[in-house]
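This is what each chain is made of:
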Amino acid sequence: MSTESKTETSVGQIENLKEKVIQAIKLVYDPEIPVDVYDLGLIYEITVYPVNNVYVLMTLTSPNCPSAEFIPSEIKDKIQQIQGINNVEIELTFDPPYSQDMMSEAAKLELGFL
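Residues numbered from 1 in each chain as written. Predicted model: local features only at pLDDT ≥ 70, side-chain atom pairs only at ≥ 80, totals over all residues. Heavy atoms only, no water.

## A look at the nonpolar core
Stage number 1. One finds Val21, Ile25, Ile75, Ile79 and Ile85 to be the most contacted residues of the largest nonpolar core, which totals 28 residues.
Stage number 2. At the level of secondary structure, the elements contributing two or more residues to this core comprise α1 (3-25), β1 (43-48), β2 (54-58) and α2 (70-80).
Stage number 3. A per-element tally of this core places α1 first, with six residues.
Stage number 4. Ignoring sequence-local partners within four residues, the contact set of Ile75 consists of Ile25, Val28, Val37, Ile43, Met58 and Ile90. (Core = buried A, V, L, I, M, F, W, Y, C linked by side-chain atoms within 4.5 Å. Buried < 20%, exposed > 50% of the residue type's maximum accessible area, 1.4 Å probe, protein only. Helix = DSSP H or I, 4+ residues; strand = E, 2+ residues; numbered from the N terminus. Contact = heavy atoms within 4.5 Å.)

Laid out in structure tokens, this is it:
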């Protein structure tokens, strides 16, 4: 097997794992809003490293969100349940601040914004 095909395989595996991470994140809901945190636009970045470590940069709807402790830990738990995942790091940021423009069209429709 050439080096090039090994690279393609690992890139494909990383993309596959990233899709599983997104599906796991979509199982987490803000308890006050009937839309998952991914479609709400709370996830700014997902990086899956070749050693199957996952980094997620996210925000909350507000710095005073009552679910501030529970949502990031629930996301981490859901990702860690994926077979093959090693380490999960969740980083919380409020820059840029969350706005409703970050929601998916499906979320906007679900919440009556469209």
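## Considerations on the side chain of Thr93
Stage number 1. Locating Thr93 in the fold gives a position in the loop between β3 (88-92) and α3 (105-110).
Stage number 2. On the basis of relative accessible area, Thr93 is assigned to the buried category, the value being 15%.
Stage number 3. For Thr93, the contacting residues outside a window of four places in its chain are Tyr44, Leu57, Met58 and Thr59.

## Concerning the confidence of the model for the protein
Stage number 1. On average, residues of the protein score 89 in pLDDT, and 92% of them are at 70 or above.
Stage number 2. Per-residue pLDDT, averaged within each element of the protein, yields its smallest value for α1 (79) and its largest for β2 (98).
Stage number 3. pLDDT under 50 marks residues 1-6. Its contacts with residues more than four places away, or in other chains, come to one contact. (pLDDT = per-residue confidence, 0-100.)

## What to know about the UniProt feature "domain: MIP18 family-like" (unreviewed entry) in the protein
Stage number 1. Taking the numbering used here, the UniProt-annotated feature "domain: MIP18 family-like" (unreviewed entry) corresponds to residues 18-91.
Stage number 2. Annotation note: span residues 18-91, helix share 26%, strand share 20%, distance between end C-alpha atoms 17 Å. (UniProt positions renumbered as here; feature names shortened; annotations may be inferred.)

## Some details on the sheet that holds β2
Stage number 1. The mixed open sheet is built from three strands, whose spatial order is β1-β2-β3. The sheet is open, and its two edges are formed by β1 and β3, each paired on a single side. When strand polarity is set aside, the average angle formed by the axes of neighbouring strands in this sheet is 10 degrees.
Stage number 2. Pairing of β2 with β3 involves five bridges; the strand directions are parallel. Of the residues in β3, the one forming a bridge with Tyr55 is Glu89.
Stage number 3. Packing against the sheet, α2 makes contact with β1, β2 and β3, and its axis sits at approximately 155 degrees to β3. (Pairing = 2+ DSSP bridges. Axes fitted to C-alpha atoms, helices over the stretch in contact; angles between N-to-C directions.)

## Regarding the environment of Leu114
Stage number 1. Along the chain, Leu114 turns up in the segment after α3.
Stage number 2. Relative accessible area serves as the criterion here: at 62%, Leu114 is assigned to the exposed category.
Stage number 3. In this structure, Leu114 is in contact with Glu105, Lys108 and Leu109, ignoring residues within four places of it in sequence.

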